[in-house]
Amino acid sequence: MSRLTRLSIRSILLLITFVVALPAAGVIIYAGVQLRNDQLRDAYAETAQLAERIVNEQQNLVAGAEQLMTALSQLSEVKQHDAPKVVPILQKLRQLNPMYSNIFIADRDGVVWATAVPVKPPFVIADRRYFQNALSSGRLSSGEYVVSRATTRPAFNVAAPLKDENGRIIGVISVGFVIDRYRDLLNQMRMANGSNFLMIDHRGMVLARGVNPEPYVGKPYPAEEFRKMKAGPDWGTSIRQGLTGDQRITSYRKLRLPGEATPYLYVTTGIPMEVINGTAGRKLTANMLILSSFLVLACAIATLVGKHSIEDRVKMLEDASRRLATGDLGVRVAELVEGGELGDLGRSFDLMAQELGKRAAEQQQMEAILRLSEERTRQAISASNLGVFDHDHRSDTVYWSPRLREINGWNADQAMGVADFINILHPDDRDAIAASVARAHDPAGDGIWDVEHRIIRGDGAVRWLTAQARTFFEGDGTIRRPVRTVGTVRDVTEQKEIQEEQRKLAYLVEMSRDFIGIASLQGRVEYLNPAAARLVGLEGADLAAFRIPDFFPKECRGVTDQLMDGLAAQGYWHGEAVFEHFVTHEPIAVEITAFTIYNEDGSPLAYANVTRDVRERKAAEAEKTLLTEQLIQAQKMESIGRLAGGVAHDFNNLLTPILGYAEFVKKDLAGQEAPLARIENVLKAANKARELVQQLLSFSRKQVLEMKTIDLGQVVGSFQGILRHTIRESIALRFHLSEEPGAIRGDKNQIEQVIMNLAINAQDAIDEHGAITIETAAVFLDEEYALQHQEVRPGRYLMLAVTDDGCGMDQATRQRIFEPFFTTKGIGKGTGLGLATVYGIVRQHGGHIWVYSEVGKGTTFKCYFPLVDEPLASEAAAEQEQVTLDGRRRSILVVEDNEMVRTLVEEMLKQQGFEVLAAESPKVALGLCGGRLLDLLITDVVMPGMTGPELYSRLERSYPDLKVLYMSGYTSNVMVHQGILDEGIHYIQKPFSTAEFARKVERALGG
């Protein structure tokens, strides 16, 4: 609407004329559209009517042909193939029926023997569709587009079977149609220009076309259009593309012969859309030309009338307004513009000019008063260090006070306007300033302007300013406009910098993860940052209801007193304490730094603190301490193990000849009771020493294990009877074994030793009555568990737990229970090797052991063995107690650096009839056996200069069939890995009895 008010009077008059003519144009256009729609409906009806006429004509034609062929088939001359008589009949019929192109009769082989149109023989139609269908169906059949062999012109035929008196088909009668005869029908119906029709056979070949048939007859109809027509209903009308590519209103019909499912003929008729649209368009164009002529005439009349009665009078008012605007307050126009609304406007103009004259006088008086007031204000502002500006909107000039020029970085004598002020505005503040100025200058507003913004001075300095101004207006209502804006400016850069620093500090406090709080000197809480509120559960709480002591548990109120005393005395306190969560009452370990806040004169204002949650640090320290203790314990146990292994090795070398020679003496003393009893005591002592050494080896993981895949639950279950006989009856034995089978790789005897030692240890912890619980379970030790237990790898384990309700142990005892010879039992009641043996066996099995105990409540030992997915090993048959060796004609090389062991072995072998070569070192052994026959090598494993396996490797080159039996006082990685004997190795551990030695020799020799 605002654009219409800006148009000239002449333009408005022309616009009115056009608006008045618009309904007439709409009526004409509507009539044209209706005419087009009517013509479309007529065209739809005409095309359908033409198609229906052609279909009826074709059906009548086919019906007549069928009657003709039926009549011919009844003639005796036809049945007798009497060509001379039949041909004249056919020719006469064709003359009487010009719509037939030919009439002919063929035998069953398709050879034409009578035709109305003479044809040079042979005339054969066996390949024609109408002939083949008539023979196969025995009824009237249709053909397809062909070039007639008789007329050499395009033809379409129907045919009927010729039967004898017995109903047997003896031939075919066919009638061909003149397919272009329907053009006359097109002319008769007086269709629109460009109307046309097509006749299409069942293959989509064009049989006939009403107009210009030559380029299209015998050619295929567009495949996609034919497919749609073929798949559609039997008739239809639509707008589609014609053969020539133009859009047409097209109707189609399908024709079928009785008994045929497939149409034999398609008839399409069409009228071009261009013809229909052209007729309606010409009518519409003629009507629009008539309307345009009347519109031009109306515009000319409107222009002449408007200029004389409106434009000239308005021009007088416009001239008077310009004079009034230039200050000519005596101008008058009422007498020049008389009559009508413009006359009333002239009188109003004169009244306005008179009123403006009065106001001008009053304005001059007010300006004098205002100048006096401004001078007084300017003097006051000069003393207040404020910058002042005064913008006169009429002249668009601005007064800038000296202080404001100084603030803006301008020289005193520079002429500066509004554009200069805009240039120094910070780019990010210009849009906001522009919006504020627009609001202040809005006549509908109050004219108040109060903004804060930045400027960039010529020296590059950025300054923050606050400006307060007011805009004064003149006039009322629609003529109210701004005439003057006066304001003051203050440089607040220093205040902004202080505020920015305060904002940063506040943000730092708000975002800190530490507890930061402020309290009054009376201890009343005034502020907590978000981290503090979260730590103690005071989110959203009324902080004024809490005091400093409320944050500490009752038992820690002494810390509160220390904190408050430190603040009062030194103004500072630092230390560790415990807060209590206000919701969960959970203790929170914290590190507090509290201090007093002072004002400028040194007087205390408030208390503040920065407190850090140290629970994670303390947990980490505790974890570090635990891991350090575990590492030290593991290192200590490893050192003790090495020492125990070395001692055991030396003991084994000493015990081997003691046991051997004692058994020799026992044989020699057969029948002498007193000496025999003494030697039995020697053997008992030696065997006890052997067991002691074996325990040392178990702890140090130097024993040789016979590892097999065993079910730990079965081992414990089969061991229950032995345990029941071993543990005293006043103690109940309880078993909780996992129902799921759990396989581990282990030495069954050693696992039973672990169970027995733990059970006996539990029995010794129970004074009189109590219970021992043994259980197994499959467990998964995760990464977290492994981090807290350095020797553990994450994975699946089978747990063996032995629990008692005895006296329990303190921390100091638990730290040493696995050390060899450490015992809490009385003198003579224990060797101190029971738990050390358990520890060594478990570790040698790749597992680990954990103990939990409380004084007065009992103890639990948990052993974890790695689970394996392997089939269980079968139980081996028990070894025979006595073995008799036949050493005749057999030679054995004995290599041992310990003279007593070497001598004992040599004597044992010679008693069995072996030829023995003894050597104290591998080097001597290599020299002794040169050229000698050897059946077996018995050698120590670790010797100076060369190991036992290395010696065997050297000898094997000369003696490929040489067997070997290794001896050792402890395991060595030379032939034993992780305490497990390599496959196929014959090995005997020192010390050994004569019977055990004999069995090993027999096995090594393959006996």
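Along each chain, the written sequence defines residue order, and numbers are assigned to residues from 1. Selection of residues for local features in this predicted model requires a pLDDT of at least 70, selection of side-chain atom pairs for listing and counting requires 80 or more, and totals for whole chains, interfaces and linings are taken over all residues. Where side-chain values are given, they derive from all heavy atoms of the structure, hydrogens and water being excluded.

Asks: Is there a simple way to think about the confidence of the model for the protein in this case?
Replies: Atomic detail in the predicted coordinates should be set aside for any region of low pLDDT. Averaged over the protein, the pLDDT score is 80; the fraction of residues at 70 or greater is 84%. Within the model, the stretch residues 698-702 combines pLDDT values under 50 with 28 contacts to residues more than four positions away or in other chains. In the model, residues 971-980 has pLDDT below 50 throughout and makes 27 contacts with residues more than four positions away in sequence or in other chains. A residue's pLDDT is the predictor's confidence in that residue, given on a scale from 0 to 100. We call two residues in contact when some of their heavy atoms are within 4.5 Å.

Asks: Whenever I open this one, the pairing of strand 1 (residues 100-107) confuses me. Can you help?
Replies: A regular strand places its side chains so that they alternate between the two faces of the sheet. Three exposure classes are used, based on accessible area relative to the maximum for each residue type with a 1.4 Å probe and protein chains only: buried under 20%, partly exposed in between, and exposed over 50%. Labels follow the DSSP assignment, with helices taken as runs of H or I lasting at least four residues and strands as runs of E lasting at least two, numbered in each case from the N terminus. For strand 1, the buried fraction is high: seven of the eight residues fall into the buried class. DSSP calls a pair of strands paired once it identifies at least 2 bridges connecting them. Pairing of strand 1 with strand 6 (residues 169-177) involves seven bridges; the strand directions are antiparallel. Residue pairing across strands places Ile-103 opposite Val-175, the latter belonging to strand 6. The pairing of strand 1 with strand 2 (residues 112-115) spans three bridges and is classified as antiparallel. Counted as the bridge partner of Ile-105 is Ala-114 from strand 2. Hairpin connection of strand 1 to strand 2: four residues between the antiparallel strands, including Gly-110 at a positive phi of 85°.

Asks: I tried to follow the environment of Leu-917 on my own but got confused; where do I start?
Replies: Relative to the elements of secondary structure, Leu-917 occurs in strand 30 (residues 915-919). Separated by twelve residues in the primary sequence, Leu-917 and Cys-929 have C-alpha atoms spaced 7.9 Å apart. When neighbours within four sequence positions are excluded, Leu-917 is seen to be in contact with Ile-892, Leu-893, Val-894, Leu-928, Arg-932 and Leu-934.

Asks: Sorry if this is basic, but what is going on with the UniProt feature "modified residue: 4-aspartylphosphate" (unreviewed entry) in the protein here?
Replies: UniProt positions are given in the numbering used here, feature names are shortened, and annotations may be inferred rather than shown by experiment. The UniProt feature table records "modified residue: 4-aspartylphosphate" (unreviewed entry) at Asp-940. Inspection of the secondary structure puts Asp-940 in strand 31 (residues 936-940). A relative accessible area of 3% means that Asp-940 is categorised as buried. If we ignore the near neighbours within four places in the chain, the residues touching Asp-940 are Val-895, Glu-896, Asp-897, Gly-948, Met-967, Ser-968 and Lys-990.

Asks: Honestly, the sheet that holds strand 31 in this entry has me stumped. Any pointers?
Replies: Backbone-to-backbone hydrogen bonds join strands into a sheet, with any given pair of strands oriented parallel or antiparallel. Ordered in space as 30-29-31-32-35, the five strands form an open sheet in which the pairing is parallel. What marks the edges here is a single partner per strand, and that holds for strand 30 and strand 35 (987-989). Neighbour to neighbour, the strand axes of the sheet diverge by 20° on average, direction disregarded. Both strand 32 (residues 963-968) and strand 35 contribute to a ladder of three bridges, which runs parallel. Looking across to strand 35, one finds that Met-967 is bridged to Ile-988. For every element, the axis is a line fit to its C-alpha atoms; helices are fit only across the contacting stretch, and the angle between N-to-C directions ranges from 0 to 180 degrees. Packing of helix 26 (residues 948-958) onto the sheet brings it into contact with strand 29 (891-895), strand 31 and strand 32, and relative to strand 31 it is tilted by some 155°. Against the sheet, helix 27 (residues 994-1005) contacts strand 31, strand 32 and strand 35, and its axis sits at roughly 150° relative to strand 32.

Asks: Which parts of the structure should I look at to understand a nonpolar patch on the surface?
Replies: Residues form patches when they are more than 30% accessible in relative terms and have no salt bridge. Like charges link within 9 Å. Nonpolar side chains (Val, Leu, Ile, Met, Phe, Trp, Tyr) link within 5 Å. In these tables, accessible area is a Shrake-Rupley quantity obtained with a 1.4 Å probe, and a residue counts as shielded only by the protein chains included in the view. Each reported salt bridge corresponds to a side-chain nitrogen of Lys or Arg within 4 Å of a carboxyl oxygen of Asp or Glu. Judged by side-chain polarity, Tyr-572, Phe-595 and Val-610 come together as a nonpolar surface patch covering roughly 240 Å² of accessible area. Relative to the helices and strands, Tyr-572 is located in strand 19 (residues 572-580). By relative accessible area, which is 44% here, Tyr-572 ends up partly exposed.

Asks: What's the story with helix 5 (residues 129-137) in this structure? I'm lost.
Replies: For an α-helix the count is 3.6 residues per turn, leaving residues at separations of three or four pointing the same way. Taken as a whole, helix 5 has its buried residues at Arg-129, Tyr-130, Phe-131 and Ala-134. In the core, the buried residues of helix 5 are packed alongside strand 1, strand 3 (141-142), strand 5 (154-163) and strand 6. In the stretch just after helix 5, Gly-138 is the one whose phi turns positive, near 75°.

Asks: Looking at this structure, how should I read the packing of helix 24 (residues 899-911) against helix 27?
Replies: Between two packed helices, both the angle of their axes relative to each other and the distance between the axes serve to describe the pair. For the pair helix 24 and helix 27, the least separation of the axes is 11 Å and the interaxial angle reads 70°. Comparing their axes, helix 27 and helix 24 come out roughly perpendicular. In the crossing of helix 24 with helix 27, the sense of the turn from one axis to the other is right-handed. Contacts between helix 24 and helix 27 involve Val-905, Met-908 and Leu-909 from the first element and Thr-994, Phe-997 and Val-1001 from the second. Residue polarity follows a fixed list, in which Ala, Val, Leu, Ile, Met, Phe, Trp, Tyr, Cys and Pro are nonpolar, Asp, Glu, Lys and Arg are charged, and the others, Gly among them, are polar. Here the residues of the contact of helix 24 with helix 27 sort into five nonpolar, one polar and no charged. Under this scheme an angle from 65 to 115 degrees is roughly perpendicular, one under 35 degrees roughly parallel, and one over 145 degrees roughly antiparallel; angles in between are oblique. The handedness criterion is simple: a crossing whose near helix is rotated anticlockwise from the far helix by less than a right angle is left-handed, and one whose near helix is rotated clockwise is right-handed.

Asks: Just to check I follow, could you spell out the sheet that holds strand 18 (residues 525-528) for this structure?
Replies: With antiparallel pairing, five strands are arranged side by side in an open sheet as 18-17-21-20-19. In this open sheet, the two strands that pair with only one neighbour each are strand 18 and strand 19. Sheet twist, expressed as the average angle between the axes of neighbouring strands with direction ignored, equals 25°. In terms of strand pairing, strand 17 (residues 515-519) meets strand 21 (residues 604-613) through five bridges, oriented antiparallel. Paired with Ile-518 across the two strands is Ala-608, which belongs to strand 21. Running over the sheet, helix 15 (residues 557-569) touches strand 19, strand 20 (587-598) and strand 21 and is turned about 155° from strand 19.

Asks: Hey, could you run me through the pattern of salt bridges in this one?
Replies: Pairs may arise between side chains of opposite charge once their charged atoms sit close together. Throughout the structure, instances matching the rule amount to 27 salt bridges. The partner of Glu-576 in a salt bridge is Lys-618, with the nearest N and O atoms 3.1 Å apart. Of this pair, Glu-576 sits in strand 19 while Lys-618 sits in helix 16 (residues 615-668), placing them 42 residues apart in sequence. Assessed through its relative accessible area of 34%, Lys-618 is described here as partly exposed. Here Glu-915 makes a salt bridge to Arg-932, at a shortest N to O gap of 2.5 Å. One end of the pair, Glu-915, is in strand 30; the other, Arg-932, is in the loop between helix 25 (922-928) and strand 31, and 17 residues separate them in sequence. On the accessibility criterion, Arg-932 (31% relative accessible area) is partly exposed. Among the ionic contacts, a cluster of salt bridges with common partners joins Glu-576, Glu-591, Arg-617 and Lys-618.

Asks: In this structure, what is going on with the nonpolar core? I would like to understand it.
Replies: Considering soluble globular proteins, one finds that nonpolar side chains tend to be buried as a cluster. Residues belong to one nonpolar core when they are buried, are Ala, Val, Leu, Ile, Met, Phe, Trp, Tyr or Cys, and are joined through side-chain atoms within 4.5 Å. Counting 43 residues, the largest nonpolar core has Ile-103, Val-175 and Phe-177 as its most contacted members. A per-element tally of this core places helix 2 (residues 9-73) first, with nine residues. Within the second largest apolar cluster, 37 residues are counted, among which are Ile-710, Leu-712, Ile-772 and Phe-865.

Asks: Would you explain the packing of aromatic side chains in this entry?
Replies: Centre distance within 6.5 Å is the pairing criterion for rings of Phe, Tyr and Trp, where only the six-membered ring of Trp is used; planes under 30 degrees apart are then read as stacked, over 60 as edge-to-face, and the remainder as tilted. Counting across every chain of the model gives 16 aromatic pairs. When the centroid spacing of 5.0 Å and the interplanar angle of 80° are considered together, the rings of Trp-400 and Trp-410 count as edge-to-face. With Trp-400 in strand 13 (residues 397-400) and Trp-410 in the loop between helix 10 (402-408) and helix 11 (418-424), this pair connects stretches of sequence that are ten residues apart. Among the residues examined, Trp-400 registers a relative accessible area of 8% and is labelled buried.

Asks: Just to check I follow, could you spell out the packing of helix 20 (residues 748-765) against helix 23 (residues 834-844) for this structure?
Replies: Running from N to C, helix 20 and helix 23 cross one another at 145°; their axes reach a closest spacing of 9 Å. Our pair here, helix 20 against helix 23, has a crossing hand that is left-handed. Contacts from Gln-750, Gln-753, Val-754, Asn-757, Leu-758 and Asn-761 in helix 20 reach Gly-834, Leu-835, Thr-837, Val-838, Ile-841 and Val-842 in helix 23. Here the contact of helix 20 with helix 23 is built from residues that sort into six nonpolar, six polar and no charged.

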